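Observations on the model geometry
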Amino acid sequence: MKLKVSVIGTGYLGATHAACMSSMGFEVVGIDVDALKISALASGKIPFYEPDLQELLQKEISSGRLTFSTDFNSIADADVHFICVGTPQLENSLAADLQYIDAALEAIAPICKPGSLVVGKSTVPVGTAARLREKLLRINPEADLAWNPEFLREGFAVEDTLRPNRLVVGVTSDAAENTLKEIYRTNLEAKTPWVRADLPTAELVKVAANSFLATKISFINAMAEICEAAGGDVTVLAEAIGYDPRIGSRFLQAGIGFGGGCLPKDIRAFMARASELGADQALEFLREIDSINLRARQRVIELVRKDLSQDLTGKSIAVLGAAFKPDSDDVRDSPALDIAAQIAAAGAKVTVHDPKAIAPAKKRFPALNYCESIEETLGGADLVLHLTEWKIYRELDPLKMKSLVASPVIIDGRNALDRDAWVAAGWKFRALGRTN
Ligand code: UGA
C-alpha cells in the first residue's frame, strides 16, 4: 500500500511538492488556510507563474490522486505530513517569522495518527525542528518529526523537485529515515545522493547553501566594482576564474544582484539566529554580502544619472524586467522593481515591461507605468534599462529597437545582452563591471 501524504501550505513550495508527490504515485491532499488559493488549485490553476507546474497539477488532479482542502480533518489518516508554509522576514527585525510554521504544527499535532511522520520542508532558524518535535511529542507521543530541506529554484521548481541533486533528511530514528526512503524511493533508485543528518544539521544545510550562493553572487559583484574602478571587464574575469573547477562558472553573473523570497531573507535570518546563539562573529561576513548586494542597485541608478546629466526629472526610462529573475513572476524583493521604483521616485517617467510579472508588480508599485508591449515600452525612451534577463530580451533586434527610442542608450543590469550587437547597431551600451 502506497503511503498517503499531506502537504500543509500550498504556496510555491507546497503546490509544487504536492503535484510532484502525486506524480510519484502517492495519494496527496494539499491543505491551506487560504480558501481562495485552495479553490484555484483544486480547479487546476496555480496562482503564480512556474513553467510546467500547471500542466502537471491538472494531470495529477485528473488522475484522482491529488486533492486540495482547507479542512485538516481530511488529512488525519495521512502517513506523512509535509509542512511547506512560508517563513518570511519579520517586519522590524532580520529574523524569520515562525508564526505560520507553529500554527501548522499545532493544527496537525492533535489529529495525526499514531506512527505518522511530520516532515518540515520550510526554511527555518536552526533549533526550530527540535522545538517543534518536542511540541509534537507532547501532544502526540506516537508521532515523529523529521526535517527535509528543499532546494528548488523558482523557474525550475518541477524539475528540481522530481530530480533533486541531493536529498537531505534530518531524523532522530531509523524508522523516520525509512519512511522518507519509502517516499523518495524513485529518487533513490535514480541514485540521488542521500544525506542523513541530525535535526540541526539538516536545518543548517539549507541556510548554508543559500548563504554560499549569495556569497558567490556578491563576490562577483564586488569584483565588478573593482573592475569599474580599475578599468577591467567583470564578464571576462568571471569566465576566466570559472574555468577552475574549484570555483565553477555558475552564479558568477555580475549585475544588480540577488532578490526573491529566499536568498535575502535567509541570510538575514541566519545572522539573527547566529546572534541568538552567541556566534555573531562567524556570520559577520554575511552583513557585507547583503550590503554589496544592495549597493549593486544603487550603482545602476548612478549609471542612469551619469547618462542623463544627473537630473532624472521628466526623463523617460524604459525598464525591461520586473521579476526577481527570469521564468518567474515573483517580485518579492526584486532588484529590478526596486530600481524602477527608486528611479520613478527621483522624478523619471518609468515604464516597466515584463512577460509575466506585470500583475504582481502593479500590486506592489501601483504608481509605475506598466506596458504589455516591448515596442511601446521603448517608444520615445531617453534610456533603456535591462534588469531581468528574460530570453525574449536577449533576442531583441537592436537595430529595430533603436528606431523606437528617443536616445539609444541601454544599461544592461544583468550582463546578459550581446554588447557587440547593440554597439554595432549604434547604441551607447553600459553595464555593471565593464568599462570598455
Ligand atoms: C534560491 C536557491 O537557488 C535554491 O536552491 C533554494 O531552494 C531557494 O532559493 C529557496 O531557498 O527556496 P531562487 O530564489 O529561486 O532559489 O533563485 P536563484 O536562482 O538562486 O536566484 C536568486 C537571485 O540571484 C535572483 O535574483 C538572480 O537574478 C540572482 N543571481 C543569480 C545573480 O544575480 N547572479 C547569478 O549569477 C545568479
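First, a word on what this report is: a plain description of the structure on this page. (Residues numbered from 1 in each chain as written. Predicted model: local features only at pLDDT ≥ 70, side-chain atom pairs only at ≥ 80, totals over all residues. Heavy atoms only, no water.)

Among the 21 residues in the neighbourhood of the ligand, the closest are listed as Phe151, Leu152, Glu154, Lys206 and Asn210. In the model, an oxygen atom of the ligand is placed 2.8 Å from a nitrogen or oxygen of the Lys206 side chain. Note that an oxygen atom of the ligand is positioned 3.4 Å from one of the backbone N or O atoms of Leu252. Its free accessible area being 710 Å², the ligand has 90% of it covered by the protein chains. (Near = heavy atom within 4 Å. Polar contact = N/O pair within 3.5 Å; in protein donor to acceptor, adjacent residues only side chain to side chain. Areas by Shrake-Rupley, 256 points an atom, 1.4 Å probe, with all protein chains shown as cover.)

As a further point, take the pattern of salt bridges. Applying the stated criterion across every chain, the model contains 35 salt bridges. Here the salt bridges share partners, and the residues they tie into one network are Arg268, Asp290, Arg297, Asp333 and Asp338. (Salt bridge = Lys/Arg side-chain N within 4 Å of Asp/Glu carboxyl O.)

A few words on the nonpolar core. Counting residues in each nonpolar core, the largest one holds 49 residues, and the members touching the most others are Val304, Ile317, Ile343, Val384 and Leu385. Among the elements that make up this core, the one with the highest residue count is helix 13 (residues 335-345) (five residues). Ignoring any residue separated from it by four or fewer positions in sequence, one finds Ile317 in contact with Val304, Leu308, Ile343, Ala348, Lys349, Val350, Thr351, Leu383 and Leu385. Counting 39 residues, the second largest nonpolar core, distinct from the first, contains Phe26, Val80, Phe82 and Ile183. (Core = buried A, V, L, I, M, F, W, Y, C linked by side-chain atoms within 4.5 Å. Buried < 20%, exposed > 50% of the residue type's maximum accessible area, 1.4 Å probe, protein only. Helix = DSSP H or I, 4+ residues; strand = E, 2+ residues; numbered from the N terminus. Contact = heavy atoms within 4.5 Å.)

This part is about the pairing of strand 4 (residues 80-83). Burial of strand 4 is two-sided: the residues Val80 and Phe82 facing one way and the residues His81 and Ile83 facing the other way are all buried. In terms of strand pairing, strand 1 (residues 4-8) meets strand 4 through four bridges, oriented parallel. Within strand 4, the residue paired with Ile8 across the bridge is Ile83. Across four bridges, strand 4 lies against strand 5 (residues 117-120) in parallel orientation. Within strand 5, the residue paired with Val80 across the bridge is Leu117. (Pairing = 2+ DSSP bridges.)

With that settled, consider the packing of helix 9 (residues 199-230) against helix 12 (residues 284-307). Packing of helix 9 against helix 12 brings their axes to within 9 Å, and their N-to-C directions diverge by 50°. Classed by the angle they form, the pair helix 9 and helix 12 counts as oblique. Both helix 9 and helix 12 take part in a crossing whose hand is left-handed. When helix 9 is examined against helix 12, the residues Ser211, Ala214, Thr215, Ser218, Asn221, Ala222, Ala224, Glu225 and Glu228 are found in contact with a partner set consisting of Phe285, Leu286, Ile289, Ile292, Asn293, Arg295 and Arg299. In terms of residue class, the contact of helix 9 with helix 12 is made up of seven nonpolar, five polar and four charged. (Axes fitted to C-alpha atoms, helices over the stretch in contact; angles between N-to-C directions. Parallel < 35°, antiparallel > 145°, perpendicular 65-115°, else oblique. Left-handed = near helix turned anticlockwise from the far one by under 90°. Nonpolar A, V, L, I, M, F, W, Y, C, P; charged D, E, K, R; others polar.)

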